[in-house]
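Structural description and commentary
Read off the chains here:
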Amino acid sequence: MTRPADGPLPVPMDDTDAWAARFDLLGDPTRLSLLAHMHLHPGCTVGELAAAAGTTPTTTSQALRVLRRQGWVGAERDGRSMRYTLLDDLAHRVLHLMGQRHAGQ
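Residues numbered from 1 in each chain as written. Predicted model: local features only at pLDDT ≥ 70, side-chain atom pairs only at ≥ 80, totals over all residues. Heavy atoms only, no water.

1. A short note on the overall build of the chain
Heads up, the rule is: By the criteria applied, helices consist of DSSP H or I runs no shorter than four residues and strands consist of E runs no shorter than two, each listed in order from the N terminus. For this analysis, residues touch if any pair of their heavy atoms sits within 4.5 Å. Method for areas: the Shrake-Rupley scheme with a 1.4 Å probe, in which residue coverage is limited to the protein chains shown.
From N to C terminus, the chain includes five helices and two strands. For the chain, the N- to C-terminal ordering of α and β elements is α-α-α-α-β-β-α. Sequence-distant contacts in the chain: of pairs separated by 6 or more residues, those separated by 24 or more amount to 51%. Element-wise, carbon and sulfur atoms account for 53% of the exposed surface of the chain, whose accessible area totals about 6500 Å².

2. Some thoughts on the nonpolar core
Note the cut-off: By convention a nonpolar core is built from buried Ala, Val, Leu, Ile, Met, Phe, Trp, Tyr and Cys residues, the set being connected through side-chain atoms within 4.5 Å. Buried residues are those whose accessible area, probed at 1.4 Å on protein chains only, stays under 20% of the maximum for their type, while exposed residues exceed 50% and partly exposed ones sit between those limits.
Ranked by size, the top nonpolar core spans 19 residues in total, and within it Leu-35, Met-38, Leu-49, Leu-64, Trp-72, Val-73 and Tyr-84 carry the most contacts. Mapped onto this core, the elements with two or more residues apiece are α1 (16-26), α2 (29-40), α3 (46-53), α4 (57-69), β2 (81-86) and α5 (89-97). No other element matches α2, which puts four residues into this core. Non-local contacts of Leu-35, meaning those with residues more than four positions away in its chain, are made with Leu-26, Leu-67, Trp-72, Val-73, Leu-86 and Leu-95.

3. Some words on the pairing of β2
Note the threshold: What makes two strands pair is DSSP finding at least two bridges between them.
Here six bridges tie strand β1 (residues 73-78) to β2, and the two strands are oriented antiparallel to one another. In the sheet register, Asp-78 faces β2, and the bridge partner there is Ser-81. Adjacent in sequence and paired antiparallel, β1 and β2 are bridged by two residues, among which Gly-79 carries a positive phi angle near 65°.

4. Quick look at the pattern of salt bridges
It is possible for side chains bearing opposite charge to pair when their charged atoms get close. The line we're drawing: Salt bridges, as used here, are contacts in which a Lys or Arg side-chain nitrogen is within 4 Å of a carboxyl oxygen on Asp or Glu.
Using the criterion set out here, one finds four salt bridges in the structure. Where Asp-88 meets Arg-22, a salt bridge forms, and the shortest distance between an N and an O atom there is 2.5 Å. Here the residue Asp-88 occupies a position in the loop between β2 and α5, and Arg-22 occupies one in helix α1, the gap between them amounting to 66 residues. With a shortest N-O distance of 3.7 Å, Arg-83 and Glu-48 are connected by a salt bridge. Here Arg-83, found in strand β2, pairs with Glu-48, found in helix α3; they are 35 residues apart in sequence, far enough to count as distant. Assessed through its relative accessible area of 28%, Arg-83 is described here as partly exposed. Where salt bridges share partners, they join Glu-48, Asp-78 and Arg-83 into one cluster.

5. Things to note about the side chain of His-96
Selection rule: In protein, a polar contact requires one atom able to donate a hydrogen and another able to accept it; more generally it is a pair of N or O atoms within 3.5 Å, and residues adjacent in sequence count only if both atoms are side-chain atoms.
Tracing the sequence through the fold places His-96 in helix α5. A polar contact of 3.4 Å, which involves the side chain of His-96, links it to the backbone oxygen of Gln-100.

6. Side note on the packing of α3 against α4
Stated formally: Simply put, an axis is a line fit to the C-alpha atoms, just over the touching stretch for a helix, and the angle between two N-to-C directions goes from 0 to 180 degrees. Should an angle lie under 35 degrees it is considered roughly parallel, over 145 roughly antiparallel, and from 65 to 115 roughly perpendicular; all remaining angles are considered oblique. Residue polarity follows a fixed list, in which Ala, Val, Leu, Ile, Met, Phe, Trp, Tyr, Cys and Pro are nonpolar, Asp, Glu, Lys and Arg are charged, and the others, Gly among them, are polar.
Running from N to C, α3 and α4 point in directions that differ by 105°, and their axes come no closer than 9 Å. In this view, α3 runs roughly perpendicular relative to α4, as classed from their interaxial angle. Where α3 abuts α4, its residues Val-46, Leu-49 and Ala-50 lie against Pro-57, Thr-60, Ser-61 and Leu-64. Its residues assigned to classes, the contact of α3 with α4 comprises five nonpolar, two polar and no charged.

Laid out in structure tokens, this is it:
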């Protein structure tokens, strides 16, 4: 499945394998913590995300690589650093279902 420039394609309701894969991504505590932090603080560096998740930069980079490969996270170069942002609307909505709100809400 390819994804358009503005984010991943929606997952059809009857595609249980795709839904299971999405829930598998959310089921990893490190990835979920990274997504939650990016949700509240878009444009974080690996170091900032590692500190927020309580992991090493290497572990964080590996988790980000998985999320980027799935189209859930985007990266933009800022000088020598990369800044990461949550792209996936479904993950965004799941974080809201979990009770996470944006600043000022």
